[in-house]
Amino acid sequence: MIQHIENPVVEVHDLMVSYGQNPVLWNVDLSLPAGSLVGILGPNGAGKSTLIKAIMGLVEANSGYSKLFDQELNQVRNKVSYVPQRESVDWDFPASALDIVMMGTYHHLGLLKRPGKKEKELAMDCLDKVNMKNFAGRQISELSGGQQQRVFIARALAQQAELYFMDEPFAGVDMSTEKALIELFREMTAEGKTVIVVHHDIYSAGKYFDWLIMLNMHLVASGPTAEVLTEELLTKTYGGKLSTLADLGEIIKKSGFNPLKD
Ligand SMILES: Nc1ncnc2c1ncn2[C@@H]1O[C@H](COP(=O)(O)OP(=O)(O)OP(=O)(O)O)[C@@H](O)[C@H]1O
């Protein structure tokens, strides 16, 4: 079930990506509505991170293309923010939490302008939003994994973008922080921003997201959560890894949705 929409904020057309000889994404074709909280679901190795990286121009597509705000990425870079997976970042880099978040403010400054009081206030405000204000002066190497993750989300917030791609933002964060981050993402989407999140937990996906992309090298589904969280599509996405009705029963119980209702 792949739902296409008018005036999408993200469009992907027939995207194919491979690493060397190994194809990872085949013919992905989707469109996403502005102002929504989107989850990307799929098993390990399904190509979730690769999809985001291809849209962000960080890996090369073999064929196909994507558009953001109906334009090429290069024309709208200031409106787009990307939070990579935590493991892909060098956390020994000597910088404080505040330094990292200040970096997010840079592309709004003119050429040769140094960040000043206004940028520092914005950065502190963003740290506050992820509950990390008290750690502003701490070296990032001296933060826990979950705290580092929150600093990177604060940096993305400081970019004041319209569209956010977040690769596993909940990896290593505790449940109360995860809930607080979802609340924050909801506030952002209520303001018309679009937040796209690679997510690993099918149980919470039903509650968190307005729209789901279900991926397993091919696009299995892209549509409103209530329409795509079905037994058939979950089984297609997870294949043998999610084959028992007991698994589905757990998903229904924990997600609050009933994928078996139809
Ligand atoms: N730089 C790379 N070079 C070669 N192969 C890669 C590279 N990055 C990813 N792959 C492979 O591409 C496939 C898709 O990887 P990707 O990280 O996009 O999956 P994912 O759905 O995000 O996985 P996970 O849930 O495990 O994070 C995997 O088989 C992975 O091993």
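From a predicted model like this one, the values you see are computed outputs, not experimental measurements.

A word on the nonpolar core
Next, step 1: Counting residues in hydrophobic clusters, the biggest one holds 70 residues, and the most contacted among them are Ala97, Val101, Leu127, Ala154 and Leu212.
Next, step 2: For this core, the leading source of residues is helix 4 (residues 145-158), giving seven residues.
Next, step 3: Both domain 1 (1-69 + 162-179 + 187-262) and domain 2 (87-160) contribute no fewer than three residues apiece to this core.
Next, step 4: Setting aside its immediate chain neighbours within four residues, Leu212 contacts Gly39, Leu41, Ala205, Ala221, Thr225, Val228 and Leu229.

So, the site of the ligand
Next, step 1: For the ligand, the full set of nearby residues is Tyr19, Val24, Gly42, Asn44, Gly45, Ala46, Gly47, Lys48, Ser49 and Thr50.
Next, step 2: Grouping the constituent residues of the shell around the ligand by class yields three nonpolar, six polar and one charged.

Things to note about the domain arrangement of the protein
Next, step 1: Splitting the protein by domain gives domain 1 (1-69 + 162-179 + 187-262) and domain 2 (87-160).
Next, step 2: The interface of domain 1 with domain 2 comprises seven residues on the first partner and six residues on the second.
Next, step 3: Among the residues forming the side of domain 1 that touches domain 2, the class breakdown is four nonpolar, two polar and one charged.

What to know about the sheet that holds strand 4 (residues 63-68)
Next, step 1: Ordered in space as 2-1-4, the three strands form an open sheet in which the pairing is antiparallel. What marks the edges here is a single partner per strand, and that holds for strand 2 (22-32) and strand 4. Taking each pair of neighbouring strands and ignoring which way they run, the sheet shows an average axis angle of 20 degrees.
Next, step 2: In this structure, strand 1 (residues 10-19) lies alongside strand 4, joined through five bridges in antiparallel fashion. Bridge pairing in strand 4 places Met16 opposite Ser63.

Here's the deal with the pairing of strand 8 (residues 211-216)
Next, step 1: The buried fraction of strand 8 amounts to five of the six residues, a majority that puts the element mostly inside the structure.
Next, step 2: With four bridges connecting them, strand 3 (residues 37-41) and strand 8 associate as parallel partners. Bridging across to strand 8, Val38 finds its partner in Trp211.
Next, step 3: Bridging between strand 8 and strand 9 (residues 218-224) involves six bridges; their strand directions are antiparallel. Paired with Asn216 across the strands is His218, a residue of strand 9.

Side note on the environment of Ala226
Next, step 1: With respect to the secondary-structure elements, Ala226 resides in helix 7 (residues 225-228).
Next, step 2: Expressed as a C-alpha distance, the spacing of Ala226 and Phe209, which sit 17 residues apart in the sequence, is 9.5 Å.

Looking at the sheet that holds strand 9
Next, step 1: Taking strand neighbours across the sheet as the criterion, the six strands line up as 5-6-7-3-8-9 in an open arrangement whose pairing is mixed. Among the strands making up the open sheet, the edge pair consists of strand 5 (80-83) and strand 9. Each strand of the sheet is rotated relative to its neighbour by a mean of 15 degrees, with strand direction disregarded.
Next, step 2: As paired elements, strand 5 and strand 6 (residues 163-167) share four bridges and run parallel to each other. Across the sheet, Val80 pairs through a bridge with Leu163, a residue of strand 6.
Next, step 3: Sheet strands in contact with helix 5 (residues 175-190) are strand 3 and strand 7 (194-198), and its direction is about 145 degrees off that of strand 7.
Next, step 4: Sitting on the sheet, helix 8 (residues 231-238) is in contact with strand 3, strand 8 and strand 9, with an inclination near 145 degrees to strand 9.

Points about helix 4
Each turn of an α-helix holds 3.6 residues, which means side chains three or four residues apart point in the same direction.
Next, step 1: Look at helix 4: 20 Å from first C-alpha to last across 14 residues, which is about the 20 Å you get at 1.5 Å a residue.
Next, step 2: In terms of burial, helix 4 is a largely internal element, twelve of the 14 residues being buried.
Next, step 3: Looking only at helix 4, the buried set comprises Gln147, Gln148, Gln149, Arg150, Val151, Phe152, Ile153, Ala154, Arg155, Ala156, Leu157 and Ala158.
Next, step 4: One or two residues past the end of helix 4 sits Gln160, with phi positive at roughly 50 degrees.

Details of the packing of helix 3 (residues 117-129) against helix 4
Next, step 1: Between helix 3 and helix 4, whose axes approach to 8 Å, the crossing angle comes to 135 degrees. Relative to helix 4, helix 3 is oriented oblique. At the point where helix 3 passes helix 4, the crossing takes the right-handed sense. Taking contact as the criterion, the partners of Leu122, Ala123, Cys126, Leu127 and Lys129 in helix 3 are, on helix 4, Ala154, Leu157 and Ala158.
Next, step 2: Here the residues of the contact of helix 3 with helix 4 are counted per class, giving seven nonpolar, no polar and one charged.

Cut-offs applied
Residues numbered from 1 in each chain as written. Predicted model: local features only at pLDDT ≥ 70, side-chain atom pairs only at ≥ 80, totals over all residues. Core = buried A, V, L, I, M, F, W, Y, C linked by C-beta atoms within 7 Å. Buried ≥ 20, exposed ≤ 12 C-beta atoms within 10 Å, placed from the backbone. Helix = DSSP H or I, 4+ residues; strand = E, 2+ residues; numbered from the N terminus. Domains from an automatic or database assignment. Contact = placed C-beta atoms within 7 Å. Near = placed C-beta within 6 Å. Nonpolar A, V, L, I, M, F, W, Y, C, P; charged D, E, K, R; others polar. Pairing = 2+ DSSP bridges. Axes fitted to C-alpha atoms, helices over the stretch in contact; angles between N-to-C directions. Expected span 1.5 Å × (residues − 1). Parallel < 35°, antiparallel > 145°, perpendicular 65-115°, else oblique. Left-handed = near helix turned anticlockwise from the far one by under 90°.

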